[in-house]
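These are the residues of each chain, in order.
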Amino acid sequence: LLVDAMGDRRFVGRLLDVIARGAKVRGSDGDLVAWTTPVFPALRGDAGTPLEPAPVRAEQSNTSVVFGKRLILKLYRTLETGVNLDLEIGRFLTEKRSFPHTPPVAGAIEYRQGRGEPRTLAVLHGFVENEGDAWRYTRDAIADFFDRVLARRAELGEPPPVPKTL
């Protein structure tokens, strides 16, 4: 039996708890290290109030879970050596620039082996309500463009011929 633990409410709730506590779990080859940023308490809200986890149903290179429409945890499925760009840029904009136009980074879980670079396993962001993603927006914009072109077909005339060789 193969089970995806990210579908288990207890497991994802535990991940949030691990980040909130800044836990460190020692392994035989490396350590899992969780931490928060200074904005975590405000984003989390009252620690006594449970945040209901809800999986995000989208095609992504990660698995995401929303906690009470306050936080979103992204667990990366493909790990690379070094800090994930989403974490690095998000943390800079959260802690150094206070940039309000991107979801703030609330915390993360990293895998660290000795003195090597960490691998980002998961990033916790403040949750921002949205109406879709960039891929859907792009597809809709292209479809709208073609609809406008087709509506003006008679006015625009025939397209120029395509060269036989480029």
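Rules behind the numbers
- Residues numbered from 1 in each chain as written.
- Predicted model: local features only at pLDDT ≥ 70, side-chain atom pairs only at ≥ 80, totals over all residues.
- Heavy atoms only, no water.
- Pairing = 2+ DSSP bridges.
- Helix = DSSP H or I, 4+ residues; strand = E, 2+ residues; numbered from the N terminus.
- 1 Å grid on protein atoms, 1.4 Å probe; cavity = no way out; pocket = protein on both sides within 12 Å on 5 of 7 lines; lining within 4 Å.
- Points joined across faces, edges and corners; volume = space filled by probe spheres on them.
- Nonpolar A, V, L, I, M, F, W, Y, C, P; charged D, E, K, R; others polar.
- Core = buried A, V, L, I, M, F, W, Y, C linked by side-chain atoms within 4.5 Å.
- Buried < 20%, exposed > 50% of the residue type's maximum accessible area, 1.4 Å probe, protein only.
- Contact = heavy atoms within 4.5 Å.

A. Local environment of the pairing of strand β2 (residues 31-36). Strand direction decides the pairing type here: strand β1 (residues 24-26) and β2, joined by three bridges, are antiparallel. Across the sheet, the residue bridging to Arg 26 is Asp 31, located in β2. Hairpin connection from β1 to β2: four residues lie between these consecutive antiparallel strands. Bridge count for β2 against strand β6 (residues 105-112) is six bridges, and the pairing is antiparallel. Counted as the bridge partner of Trp 35 is Ala 108 from β6.

B. Inspection of the layout of surface pockets at higher detail. Looking at the largest pocket, its volume works out to about 760 Å³. Forming the boundary of the largest pocket are 28 residues, of which Val 56, Gln 60, Asn 130, Gly 132 and Asp 133 lie nearest the centre. Contributions of two or more residues to the lining of the largest pocket are made by β4 (62-67), β5 (71-76), α3 (85-96), β7 (119-126) and α4 (134-151). Ranked by residues supplied to the lining of the largest pocket, first place goes to α3 with four residues. When grouped by side-chain class, the residues that make up the lining of the largest pocket number 10 nonpolar, nine polar and nine charged. Each pocket or cavity is described by its volume, and for the second largest pocket that value is around 210 Å³. Contributing to the lining of the second largest pocket are 14 residues, with Leu 15, Val 18, Leu 32, Ile 109 and Leu 121 lying nearest its centre.

C. Summary view of the nonpolar core. If you look at the biggest cluster of nonpolar residues, it comprises 20 residues, and the most contacted ones within it are Leu 16, Phe 67, Leu 71, Leu 73, Ile 109 and Leu 124. Here this core gets five residues from one element, more than from any other, and that element is helix α1 (residues 9-21). Ignoring sequence-local partners within four residues, the contact set of Leu 124 consists of Leu 16, Ile 19, Phe 40, Leu 71, Ile 72, Leu 73, Pro 104, Val 105, Ala 106 and Gly 107. Ranked by size, the runner-up nonpolar core spans seven residues in total, among them Trp 35, Leu 87, Val 105 and Val 123.

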